[in-house]
Amino acid sequence: RVRDGFLLETCATRWFEELIACRAWDDDYEVVCPYAKFGCRHAGPRSDLASHLKICPAAPRDGQKEPSPSKTDEAYVVVCPNAVLGCPATCRRGVELQAHLAAC
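Criteria and cut-off values
Residues numbered from 1 in each chain as written. Predicted model: local features only at pLDDT ≥ 70, side-chain atom pairs only at ≥ 80, totals over all residues. Heavy atoms only, no water. Helix = DSSP H or I, 4+ residues; strand = E, 2+ residues; numbered from the N terminus. Buried < 20%, exposed > 50% of the residue type's maximum accessible area, 1.4 Å probe, protein only. Contact = heavy atoms within 4.5 Å. Areas by Shrake-Rupley, 256 points an atom, 1.4 Å probe, with all protein chains shown as cover. Disulfide = S-S within 2.5 Å. Phe/Tyr/Trp six-rings, centres within 6.5 Å; stacked < 30°, edge-to-face > 60°. pLDDT = per-residue confidence, 0-100.

### Regarding the overall build of the chain
Okay, step 1: A count of helices and strands for the chain gives four helices and four strands.
Okay, step 2: Beginning at the N terminus, the succession of helices and strands in the chain can be written as α-α-β-β-α-β-β-α.
Okay, step 3: A burial count over the chain gives 18% of its 104 residues as buried.
Okay, step 4: Once local pairs closer than 6 in sequence are excluded, the contacts in the chain between residues at least 24 apart make up 20%.
Okay, step 5: About 7,900 Å² of surface is accessible on the chain, with carbon and sulfur atoms providing 56% of the total.

### Focus on the state of the cysteines
Okay, step 1: Taken as a whole and judged by the stated rule, the model has zero disulfides.
Okay, step 2: Of the cysteine sulfurs around C87, a residue in no disulfide, the closest is that of C80, at 3.7 Å.

### Digging into the packing of aromatic side chains
Okay, step 1: According to the stated counting rule, one finds one aromatic pair in the structure shown.
Okay, step 2: Ring plane angle 40° and centroid distance 6.2 Å describe the contact between Y35 and F38, whose orientation is recorded as tilted.
Okay, step 3: In this structure Y35 comes out as buried when scored by relative accessible area, which is 14%.

### A look at the side chain of H52
Okay, step 1: Looking at the secondary structure, you find H52 in helix α3 (residues 49-55).
Okay, step 2: The exposure class of H52 is buried, given its relative accessible area of 8%.
Okay, step 3: In this view, H52 contacts C33, C40 and H42; residues no more than four positions away in its chain are not counted.

### Focus: the environment of F16
Okay, step 1: Residue position: F16 is located in helix α2 (residues 14-21).
Okay, step 2: Exposure remark for F16: the relative accessible area of 13% places this residue in the buried category.
Okay, step 3: Spatially, the C-alpha atom of F16 lies 9.7 Å from that of L85, the residues being 69 residues apart in sequence.

### With respect to the environment of R92
Okay, step 1: Relative to the helices and strands, R92 resides in strand β4 (residues 90-92).
Okay, step 2: Along the chain, R92 and C80 lie 12 residues apart, while their C-alpha atoms are 9.8 Å from each other.

### Examining the confidence of the model for the chain
As a general rule, the predicted coordinates of low-pLDDT regions are not to be interpreted in detail.
Okay, step 1: Averaged over every residue, the pLDDT of the chain is 76; the share at 70 or more is 72%.
Okay, step 2: Taken element by element, the predicted model of the chain shows its lowest mean pLDDT in helix α1 (residues 2-10) (69) and its highest in α3 (90).

Written as structure tokens, this is what we have:
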């Protein structure tokens, strides 16, 4: 596949090493609220997540217990953590994600 060939050809280059070493992109990618499974629909830059959590309607407040995930938590679809490196996969949390990460 083209993607695999590209990664094989570029992973040992100075450009790739600088890209991986550079942490400038850490706060630039979009994330969803960790309370999305409890009803929050916020999505935004990772750098804004801390300020969102202070006002998130689904987050537990002082004295409240954090809601427990439902039995369908593994049905929650996530993007591969290696998406920043070009992996386009999305899969369900749990066993499916673990299997993908073992082969990614």
